[in-house]
Amino acid sequence: MLIVMDAHATAAQIAHVCQAVGELGYSAHPMPGPTRTAIGITGNQGPIADAGRIARLPGVREIIRVTAPYKLVSREFREADTVVRLGAELGVATPAEIGGAAVAVIAGPCTVESREQMLEVAHAVRQAGAVMLRGGAYKPRTSPYAFQGLGAEGLQLLAEAREATGLPVVTEIMDTETLPLVLSYADMLQVGARNMQNYPLLRAVGRSGRPVLLKRGFAATVKDLLLAAEYILAEGNPNVVLCERGIRTFDDGARFTLDLHAVPLIKQLSHLPVIVDPSHASGRADRVVPLARAAVAAGADGLIVEVHHAPAFAACDGEQALTPPTFAAMMGQVERIAAAIDRPIATPAAALAP
Ligand code: PEP
Ligand code: MN
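Values in this document were obtained by computation on a predicted structure and should not be read as measured data.

Rules of the game
- Residues numbered from 1 in each chain as written.
- Chains lettered and ligands numbered in written order.
- Predicted model: local features only at pLDDT ≥ 70, side-chain atom pairs only at ≥ 80, totals over all residues.
- Heavy atoms only, no water.
- Helix = DSSP H or I, 4+ residues; strand = E, 2+ residues; numbered from the N terminus.
- Rg over C-alpha atoms; globule rule 2.2 N^0.38 Å.
- Buried < 20%, exposed > 50% of the residue type's maximum accessible area, 1.4 Å probe, protein only.
- Contact = heavy atoms within 4.5 Å.
- Areas by Shrake-Rupley, 256 points an atom, 1.4 Å probe, with all protein chains shown as cover.
- Core = buried A, V, L, I, M, F, W, Y, C linked by side-chain atoms within 4.5 Å.
- Salt bridge = Lys/Arg side-chain N within 4 Å of Asp/Glu carboxyl O.
- Donors = N, O, S within 2.8 Å, 3.2 Å for Na, K, Ca; no water.
- Domains from an automatic or database assignment.

## Remarks on the overall build of the protein
Here is step 1: In terms of regular secondary structure, the protein is built from 12 helices and 14 strands.
Here is step 2: Scaling as 2.2 N^0.38, a compact globule of 354 residues should have a C-alpha radius of gyration of about 20 Å, and the protein matches this with 21 Å.
Here is step 3: With respect to the three principal axes, the spread of C-alpha positions in the protein is 65 × 45 × 45 Å.
Here is step 4: Within the span of the protein, comprising 354 residues, buried residues form 54% of the whole.
Here is step 5: Here the contacts in the protein between residues at least 6 apart in sequence split such that 69% fall between residues at least 24 apart.
Here is step 6: Carbon and sulfur atoms form 54% of the exposed surface of the protein, whose accessible area is close to 14500 Å².

In structure tokens form, the structure reads like this:
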């Protein structure tokens, strides 16, 4: 249920409504908007019996039943786009934003391998216009015998790359045990496709308050993805960016099938930003750039792209890694495509200043 307050409702009236909702045994989530505040209600199993009582409270304009199974992530609950700010908690030279007018590009290697590799790729992608770095320290590998990531050492190398470039970093979190350690390094926590429905992990990253990049499971519907995000918001963390990274279909021409339709669909259903990962979707470097172009044209708020200075020697996902020159060329193309739909590409302006 959604309580829409009058445009001129006072702070005291809003607080009073929240208190009344609490007294009925539900949770109130006030969401200030550009013209009026809305208050979302969660915790009810079905229609709220005392809705009439709330409707009569001073300052209440109307009560709307939210029919979607997800509440806090829905457009019905919050009309305005959510903008997620990255880098504030740990302090970086150039904080980034995802979900505003500008299209944000995150780039870096699949996995952190060494200081030389991480720094070389980090400088190259910053130079080409990436506003955020990626790099896995804990890798969810299909085979238990494949390289599993450098763990804590990888996190330290990521922190060095953050320091050297001024850009915030995103890295994957695989379990709740490593969360405290990852929180001391990561500006954004990536919950990977394989963990999209790990509900205790979703609750834990929700409680952490740190921005979360939630990737769509490869057998998950958009509804499943939105309900997974709901777990994070229900813990009081509104800083969630969704990521379409390809799903499994009957077609085996690509590693996964990029569901571009998910982008405009999510934008309709939810206020959360949505970005696209063309690297894992295609699995092939020569197809990453066309998919990246299409994602921006479809209205994605950003991209996350794997880049490696020597893909043939990459410890993980080398076949889909762009080289720095190809990544730079891609940036030029997506900038022109974004311009066609009146969007700029986000730039790490201060970091690039001499
Ligand atoms: C990754 O980003 O490196 C990754 C493992 O992605 P996904 O969870 O989408 O497979
Ligand atoms: Mn990868």
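## Some remarks on the nonpolar core
Here is step 1: If you look at the biggest cluster of nonpolar residues, it comprises 79 residues, and the most contacted ones within it are Val 205, Leu 214, Leu 242, Leu 303, Phe 327 and Met 330.
Here is step 2: Broken down by element, this core gets its largest block of residues, seven residues, from helix 7 (residues 222-234).
Here is step 3: The residues contacting Met 330, other than those within four sequence positions of it, are Val 105, Val 289, Ala 292, Leu 303, Val 305 and Leu 322.

## Notes on the pattern of salt bridges
Here is step 1: In the structure shown here, the tally under the stated rule is 14 salt bridges.
Here is step 2: One salt bridge connects Arg 216 with Glu 244, and the closest N-O pair in it is separated by 2.7 Å. Placement of the pair is Arg 216 in the loop between strand 11 (212-215) and helix 7 and Glu 244 in strand 12 (residues 240-244), with a sequence separation of 28 residues. A single burial state applies to Arg 216 and to Glu 244, both of which are buried.
Here is step 3: Residue Asp 301 is joined to Lys 267 by a salt bridge in which the shortest nitrogen-to-oxygen separation is 2.5 Å. Placement of Asp 301 in the loop between helix 10 (285-297) and strand 14 (302-306) and of Lys 267 in helix 8 (residues 262-269) is noted, with a sequence separation of 34 residues between them. For the pair shown, Asp 301 and Lys 267 are each scored as buried.
Here is step 4: The structure contains a network of salt bridges with shared partners spanning Arg 216, Glu 244 and Asp 259.

## Section: the environment of Ala 298
Here is step 1: Considering the arrangement of structural elements, one finds Ala 298 in the loop between helix 10 and strand 14.
Here is step 2: Between the C-alpha atoms of Ala 298 and Asn 44, which are 254 residues apart in sequence, the distance is 36 Å.
Here is step 3: Discounting chain neighbours no more than four positions away, the residues touching Ala 298 are Leu 260, Val 263 and Pro 264.

## Thoughts on the coordination of the manganese ion (ligand 2)
Here is step 1: At this site the manganese ion (ligand 2) is bound by Cys 110 (SG), His 280 (NE2), Glu 306 (OE) and Asp 317 (OD), with donor distances of 2.0 to 2.4 Å.
Here is step 2: When the donor residues of the manganese ion (ligand 2) are listed from N- to C-terminus, their spacing reads C-x169-H-x25-E-x10-D. With His 280 in helix 9 (residues 278-282) and Glu 306 in strand 14, the pair connects residues that are 26 residues apart, well separated along the chain.

## With respect to helix 6 (residues 199-208)
Here is step 1: Taken together, the buried positions of helix 6 are occupied by Leu 201, Leu 202, Ala 204, Val 205 and Gly 206.
Here is step 2: Against the buried residues of helix 6 lie helix 5 (179-183), strand 10 (188-191), strand 11 and helix 7.
Here is step 3: Residue Gly 209 follows helix 6 closely and has a positive phi angle near 80°.

## Quick notes on the domain arrangement of the protein
Here is step 1: Domain boundaries in the protein define domain 1 (2-64) and domain 2 (84-340).
Here is step 2: Centre-to-centre separation of domain 1 and domain 2, based on C-alpha positions: 36 Å.

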